[in-house]
Amino acid sequence: MFTSEKGVVEEWLSEFKTLPETSLPNYATNLKDKSSLVSSLYKVIQEPQSELLEPVCHQLFEFYRSGEEELLRFTLQFLPELIWCYLAISASRNVHSSGCIEALLLGVYNLEIVDKQGHSKVLSFTIPSLSKPSVYHEPSSIGSMALTESALSQHGLSKVVYSGPHPQREMLTAQNRFEVLTFLLLCYNAALTYMPSVSLQSLCQICSRICVCGYPRQQVRKYKGISNRIPVSSEFMVQMLTGIYYAFYNGEWDLAQKALDDIIYRAQLELYPEPLLVANAVKASLPHGAMKSSKEGTRCIQVEITPTSSRISRNAVTSMSIRGHRWKRHEQPDNNNDTTELGILVIPEISVTSVAGERTGNGEKGRTLGEIDAQHIQGVQETATDPRTESKGLPEIRRQKSVRKLMEDGINSPGRVQF
């Protein structure tokens, strides 16, 4: 570590101690723009034997419990690097060097599992239903499955998953280590949209190192340092995949691709079904080409959403609309004179599903389908028959007369009727 970088860190340590409480919001807003300070702090964390590591961890914890959102996120951006350093030191069995890092991780964990009143938090997650649209899908594109999901959702069968309450921890052991680290990574993923690029790069790099250290792929990746295998849990790997999936679409395509391959490699060796399922799903959803880097502006996962407005006009004639308003067939009376007098006309069924190549009826002029059929289908929709007055026959006669008049406009001989 250079003298200039050490001086930047020392100035940062002394500045916060003399800062008045009223200047805290302004200080927190300007802190994220100090790139030289962030890079110097990363170098301090990467050197377990540094004399500045303990005061840095103490000040990062003070930032986290200050209640200021910007200071909390400033501490969270170093969380992947802190987790890697702790796991690397634990794997080398040099426990005394990780005391301040362990204290910082435990302090953040114990603050996050309780609310402002000191009560244990219970986190709830509602599993989304396929019948309800989201930024990833629309129910209409699923087909018959959407109907089944829709029927289930109407009966209130949405599944809610609860996490917590989590017990407080006074120290990290082999039994509770990944329970604590998984929860910390969950807190980090909840603030992914606020994390800078250097933090996303650190996340991808530590995911690769955790998965391949002690295995033959470490020689391929040319990772130096520890060569001991680092144990991981299935839940911890799923949380790693959440951050990597976000990094894919926010300017870190190459590092995220390498980390994803390493997680699949480790999950196959450990025979973990959950990380394999999530990792393969992420890999299958990726575009064929690399996403363009977006270093500035709002970062988000890019998805294609179909328009919300209907592509088909409401007045369009379709087979579904005809099926819904299909005319009832009426039995023709035996007395032909009564039929002529009342003007009852039996109308054949009309198919408009295939316009091209239709045959014209006898004596029919060359009028298009939209000029004749669409008009009298619309006329049928506007003059629906009330079932209570159907027995009287008056509305039905009036409708049939209007339809007969429309049909006679396209027939050469008025006395000829097509059946």
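Before reading on, note that the structure itself is shown above.
Described in the following lines is the structure provided in the data block. (Residues numbered from 1 in each chain as written. Predicted model: local features only at pLDDT ≥ 70, side-chain atom pairs only at ≥ 80, totals over all residues. Heavy atoms only, no water.)

Re the overall build of the chain
And then number 1: Secondary structure summary: the chain contains 18 helices and two strands in total.
And then number 2: Sequence-distant contacts, at least 24 apart, represent 72% of the contacts inside the chain between residues at least 6 apart. (Helix = DSSP H or I, 4+ residues; strand = E, 2+ residues; numbered from the N terminus. Contact = heavy atoms within 4.5 Å.)

Considering the pattern of salt bridges
And then number 1: Summed over the entire model, instances satisfying the criterion amount to eleven salt bridges.
And then number 2: Glu62 is the salt-bridge partner of Arg65, the closest N and O atoms lying 2.8 Å from each other.
And then number 3: The partly exposed category is assigned to Glu62, whose relative accessible area is 21%.
And then number 4: With its nearest N and O atoms 3.0 Å apart, the salt bridge here joins Asp262 to Arg217. Of this pair, Asp262 sits in helix α13 (residues 253-270) while Arg217 is found in helix α11 (residues 217-221), placing the two residues 45 residues apart along the sequence.
And then number 5: Residues participating in the shared-partner salt-bridge network are Glu69, Glu70 and Arg73. (Salt bridge = Lys/Arg side-chain N within 4 Å of Asp/Glu carboxyl O. Buried < 20%, exposed > 50% of the residue type's maximum accessible area, 1.4 Å probe, protein only.)

Section: the environment of Tyr42
And then number 1: Secondary-structure assignment places Tyr42 in helix α3 (residues 35-45).
And then number 2: For the pair Tyr42 and Val198, spaced 156 residues apart in sequence, the C-alpha separation works out to 9.7 Å.
And then number 3: Filtering out sequence-adjacent residues up to four positions away, Tyr42 remains in contact with Gln77, Phe78, Glu81, Val198, Ser199 and Ser202.

Some remarks on the side chain of Ser208
And then number 1: Checked against the element boundaries, Ser208 lands in helix α10 (residues 197-212).
And then number 2: Judged by its relative accessible area of 1%, Ser208 is buried.
And then number 3: Ignoring anything within four residues of it in the chain, the contact list for Ser208 reads Tyr223, Lys258, Ala259 and Asp262.

Concerning the nonpolar core
And then number 1: With 91 residues, the main nonpolar core has Trp12 and Phe74 as its most contacted residues.
And then number 2: Here this core takes nine residues from helix α6 (residues 79-91), the largest share from any one element.
And then number 3: When residues no more than four places from it in sequence are discounted, the contact partners of Trp12 are Tyr27, Leu31, Leu37, Leu41, Val56, Gln59, Leu60, Phe63 and Phe74. (Core = buried A, V, L, I, M, F, W, Y, C linked by side-chain atoms within 4.5 Å.)

Quick notes on the packing of helix α4 (residues 53-64) against helix α5 (residues 69-76)
And then number 1: At their nearest, the axes of α4 and α5 sit 7 Å apart, and the two run at 140° to each other. The angle between the axes of α4 and α5 places the two elements in the oblique class. As α4 runs across α5, the sense of the crossing is left-handed. For the pair α4 and α5, the contacting residues are Leu60, Phe63 and Tyr64 in the first and Leu71, Leu72, Phe74, Thr75 and Leu76 in the second.
And then number 2: Of the residues assigned to the contact of α4 with α5, the class counts are seven nonpolar, one polar and no charged. (Axes fitted to C-alpha atoms, helices over the stretch in contact; angles between N-to-C directions. Parallel < 35°, antiparallel > 145°, perpendicular 65-115°, else oblique. Left-handed = near helix turned anticlockwise from the far one by under 90°. Nonpolar A, V, L, I, M, F, W, Y, C, P; charged D, E, K, R; others polar.)

Observations concerning the packing of aromatic side chains
And then number 1: Scanning the model with the defined rule gives 13 aromatic pairs in all.
And then number 2: Between Phe74 and Phe78, the ring centres sit 5.4 Å apart and the planes meet at 75°, which makes this aromatic pair edge-to-face.
And then number 3: The exposure class of Phe74 is buried, given its relative accessible area of 4%.
And then number 4: Judged by centre distance (6.4 Å) and plane angle (85°), the rings of Tyr215 and Tyr265 are edge-to-face. Taken together, the residues span a long stretch of sequence, with Tyr215 in the loop between α10 and α11 and Tyr265 in helix α13 at a distance of 50 residues.
And then number 5: Look at Tyr215 and you get buried, because its relative accessible area is 11%.
And then number 6: For Tyr265, a relative accessible area of 17% corresponds to the buried category.
And then number 7: Of the aromatic side chains, those joined through ring pairs into one cluster are Trp12, Phe16, Tyr27, Tyr42, Phe63, Phe74 and Phe78.
And then number 8: Between the NZ or CZ atom of Arg209 and the centre of the ring of Tyr223, over which it lies, the distance is 5.5 Å. (Phe/Tyr/Trp six-rings, centres within 6.5 Å; stacked < 30°, edge-to-face > 60°. Lys NZ or Arg CZ within 6 Å of the ring centre and 35° of its normal.)

Topic: the packing of α10 against α13
And then number 1: Orientation of α10 relative to α13, taken along the N-to-C sense of each, is 25°, at an axis distance of 8 Å. For the element pair α10 / α13, the angle class is roughly parallel. The way α10 lies across α13 gives a crossing that is left-handed. Side by side, α10 and α13 meet where Gln201, Cys204, Gln205, Cys207, Ser208, Ile210, Cys211 and Val212 of the first sit next to Leu255, Ala256, Lys258, Ala259, Asp262, Ile263, Tyr265 and Arg266 of the second.
And then number 2: Split into classes, the residues belonging to the contact of α10 with α13 amount to ten nonpolar, three polar and three charged.

Brief notes about unusual backbone geometry
And then number 1: The phi torsion at Lys222 lies on the positive side, around 60°, for a residue other than glycine.
And then number 2: One can find Lys222 in the loop between α11 and α12 (234-248).
And then number 3: If you check the backbone angles, Leu271 has positive phi at about 60° while not being a glycine.
And then number 4: In this fold, Leu271 is placed in the loop between α13 and α14 (273-285).
And then number 5: Residue Leu271 is classed as exposed on the basis of its relative accessible area, which comes to 67%.

Honestly, it's all geometry; don't read function into it.
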